[in-house]
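Structural overview for review
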Amino acid sequence: MTKELLKGNDAIGAAAIDSNCQCYFGYPITPQNEICEYFSEHMPKAGRVFIQAESEVAAINMVYGAAASGVRAMTSSSSPGISLKMEGISYLAGAELPCVVANIMRGGPGLGGIQPSQSDYFQATKGGGHGDYRLIVLAPSGVQELYDFTRLAFHLADKYRNPVMILGDGFLGQMMEVVVKDSKKSDNFEEPEKPWATNGCKGREKNIINSLYLDPAVLEQHNNKLQEKYRQITENEQRVDTYLTDDAELIIASFGIAARIAKEAVDMARDKGIKAGLIRPITLWPFPGKTFTSYSKVKAILTVEMNAGQMVEDVRLAVNGKVPVYFHGRTGGMIPESKDIVAELEKMGGAKV
Amino acid sequence: MSTTILTRPESLSDRKFHYCPGCSHGIAHRLVGEVIDELGVREKTVGIAPVGCSVLLYDYVNFDCIQAAHGRAPAVATGVKRANPDSVVFTYQGDGDLASIGMAETVHAAARGENITIVFINNAVYGMTGGQMAPTTLTSQVTTTTPFGRDCGIAGHPIKVPELLSSLEGATYLTRVAVNNPKNVNKAKKALKKAFQIQIDGRGFSLVEIVAICPINWRMPPEKALKWLEDSMLPLYPLGDIKAEQGVS
């Protein structure tokens, strides 16, 4: 177990190196450039592959090739660059190739800005690319979790042969915190054998990596197989953190860096006698709907996001009309303030103790 | 008593090609298969199939194969080769895939000197989608999207890929061949073998352009298509080495 002061973006790189990631392919874009720079230094030192690709499109397709070869591979970018990777991500999902993609989000749409945002929630959890596919989406809320979830991401990618996205933001990527590298947390993260890899057919039949099925009946079978996998992931991998929810009458739902602010708001509300609590989804897909369902007796839920209201739709689906759901968000790189969140709770009729 | 005079290369599967009558893909596939057999690298070869008529390449070969997104084959090949440097990696791409949507990936793979081989089929049209203008479509050539003939003032000029790449330090071997007659087929095979050998020797990026016919989309019987290739295509796309390092043989 070691302790290090790390910048968020560097923590992703460190975790990938510790996860035996053999290939990283990237392209510069703010606010995630430190990830590329970290790999450019540390991959050659470890005898591994770093390429600065000609575009995000090329980078994700290099990941496709490396993942097909059976090695752990990743790429990273920020919002506009992730849009460019979406074609490749659909192919990776269709061909069932494991890989890790980090999105250090910035404000959009279009070129937007370079300040932190959470406005790619829809893109990450609802598709983004074409076709019926799902990414496993992990939402860290600190540098420790950037490290831990990157390690978890490689494990889940291999376990389910599926791309996994780390959905961070410019705030997380740029801040520094202490990271404890605890190998016990990754005890069961051993890399599985990959007999399906296209790494030369010596001693076996040829392997094919493909997402093309021209016969519609066969393509439907392939989709059914994917859906069954997604059902298993939904059943097994919902992860969530809760804070002071046991007696809560008002619950804040928030993920990533916004949840850090929401947690402070919960404390401030409690000081004012409002019974507030926090549900922080860690897996944005699969969305931890079970947890929300179990709190269907609360008076109301306030979803706090750094966007115009995206996760709030999943919260509403989860409680299915049983609880009123409100929204508070900031966009464009503006950060929600805890006092404003408390004011929202008061407006919602925060119950006094 | 029977005598075997020709067998299928071990590197090709027994699947029947789906290609149209007269199409050059069958010859090009066979040449790639023969070369991989002769170099003894079938068990470490990884082929990258494009989007286009040859998208089903993975069905016709008897070695590991990956289907890539449209134009991205050189990037996919880069990932495969860097992850597994002992593998022998080639892409098989048409003119639309390689020189239009995939031009960036093509140029940068060459610029990096990726130790891969590209087999580039130039038949001057988009075949699979039904004969639209390709980046290599000739001036005045009629296609389904240039119904009045390619007007270069509107639709741009044809691209000569090996010539375009020849200024790049990373490109080791750039050549153009055709498979329109037995003599040229033999030359094409030699070029392919040289290209793969350069990769096996770790000498960098190689690209073999194969000038090919597409009788169906050219709306010509195969014999007329072969003549059109000679009379119209070869003057614009002359055969021979565009770049070959000294000492590479």
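Residues numbered from 1 in each chain as written. Chains lettered and ligands numbered in written order. Predicted model: local features only at pLDDT ≥ 70, side-chain atom pairs only at ≥ 80, totals over all residues.

**Quick word on the overall build of chain A**
Note the following rule: Note on conventions: DSSP H or I runs of at least 4 residues are helices, E runs of at least 2 residues are strands, and numbering of each starts at the N terminus. We compute the radius of gyration over the C-alpha atoms and compare it with the globule rule, which gives 2.2 Å times the number of residues raised to the power 0.38. Counting other C-beta atoms within 10 Å of a residue's own tells you its class, since 20 or more makes it buried, 12 or fewer makes it exposed, and anything in between is partly exposed; those C-beta atoms are placed from the backbone. By definition, residues are in contact whenever their C-beta atoms, placed on the basis of the backbone, come within 7 Å of each other.
Counting its regular elements, chain A contains 12 helices and 15 strands. Relative to the globule expectation of 20 Å for 353 residues, the C-alpha radius of gyration of chain A, 20 Å, shows essentially globular dimensions. Dimensions of chain A, computed from C-alpha atoms along their principal axes, come out at roughly 70 × 50 × 40 Å. Counting only residues that meet the buried cut, chain A has 56% of its 353 residues in that class. For chain A, contacts bridging at least 24 residues in sequence account for 78% of all contacts bridging at least 6.

**Description of helix α8 (residues 216-236) of chain A**
To be explicit about the condition: Here, expected helix span is obtained from the residue count minus one, scaled by 1.5 Å.
Along its 21 residues, α8 of chain A runs 30 Å from first to last C-alpha, staying within 8% of the 30 Å computed at 1.5 Å per residue. When you tally the buried positions in α8 of chain A, you get zero out of 21 residues, a small fraction of the element.

**Looking at the confidence of the model for chain B**
Note the threshold: As a per-residue measure, pLDDT tells how confident the predictor is, with possible values from 0 to 100.
Per-residue confidence for chain B gives a mean pLDDT of 96; residues scoring 70 or more make up 98%. With pTM at 0.97, the complex prediction returns an ipTM value of 0.96.

**Notes on the sheet that holds strand β10 (residues 240-243) of chain A**
Residues and elements named next belong to chain A. For clarity, the cut-off: Whether two strands pair depends on DSSP finding at least two bridges between them. Under this scheme, a helix contributes an axis fitted over its contacting stretch, all axes are lines through C-alpha atoms, and angles between N-to-C directions fall in the 0 to 180 degree range.
A sheet is described by the order of its strands in space; here five strands give the open sequence β10-β12-β11-β14-β15, paired in mixed fashion. Edge positions in the sheet fall to β10 and β15 (325-329), since each of these pairs with one other strand and no more. Going from strand to strand, the sheet's axes swing by 20° on average, the running direction of each strand aside. Relative to strand β12 (residues 276-281), β10 runs antiparallel, the two sharing four bridges. Opposite D241, over in β12, you have R280 as the bridge partner. In the packing of helix α9 (residues 256-271) onto the sheet, contacts are made with β10, β11 (250-254), β12 and β14 (300-305), and the angle to β12 comes to roughly 165°. Along the sheet, helix α11 (residues 311-319) contacts β11, β14 and β15; its crossing angle with β14, the most-contacted strand, is approximately 155°.

**Notes on the environment of G113 of chain B**
All names here are of chain B. Looking at where G113 falls in the secondary structure, it is placed in the loop between α5 (103-111) and β4 (117-122). For the pair G113 and F205, spaced 92 residues apart in sequence, the C-alpha to C-alpha distance is 5.0 Å. The contacts of G113, once residues within four sequence positions are left out, are G170, G204 and F205.

**Re the interface of chain B and chain A**
Our working rule: Classification convention: Asp, Glu, Lys, Arg as charged; Ala, Val, Leu, Ile, Met, Phe, Trp, Tyr, Cys, Pro as nonpolar; all other residues, Gly among them, as polar.
Contacts between chain B and chain A engage 27 residues on the former and 33 residues on the latter. Looking at the side of chain B that touches chain A, the elements that each hand over two or more residues are β2 (64-67), α3 (73-83) and α5 of chain B. By residue class, the composition of the side of chain B that touches chain A is 14 nonpolar, seven polar and six charged. Inspection of the sheet shows strand β9 (residues 208-209) of chain A paired to β2 of chain B by two bridges, in the parallel sense. When the sheet's bridge partners are listed, I208 of chain A is paired in β2 of chain B with C65 of chain B.

**What to know about the environment of K81 of chain B**
Residues and elements named next belong to chain B. Residue position: K81 is located in helix α3. According to the C-beta neighbour criterion, K81 is buried, with 25 such atoms within 10 Å. Remark: the alpha-carbon pair of K81 and N115, spanning 34 residues in sequence, is separated by 7.4 Å.

**Some remarks on the pairing of strand β3 (residues 49-52) of chain A**
Side-chain positions along a regular strand alternate between the two faces of the sheet. Taken together, the four bridges between strand β2 (residues 21-26) of chain A and β3 of chain A define a ladder with parallel strand orientation. Its bridge partner lying in β3 of chain A, G26 of chain A is registered against Q52 of chain A.

**Some details on helix α8 (residues 182-200) of chain B**
Every α-helix winds through 3.6 residues per turn, so residues three or four apart in the chain are directed the same way. Residues and elements named next belong to chain B. Let me state the cut-off plainly: Note: the arc covers the axis-to-C-beta directions of the helix.
Under the 1.5 Å per step criterion, the end-to-end length of α8 is 27 Å for 19 residues, consistent within 8% with the ideal 27 Å. Residues of α8 that are buried include every one of A188, A191, L192, A195, F196, I198 and Q199, and no others. On an axial view of α8, the arc spanned by its buried residues comes to 155°, and they lie on one face. Of the exposed residues in α8, those oriented more than 90 degrees away from the buried face are P182 and K183. Buried residues along α8 sit in contact with α1 (25-39), β3 (88-94), β4, β7 (171-178) and β8 (205-211). Once α8 ends, the next one or two residues include G202, with phi positive near 70°.

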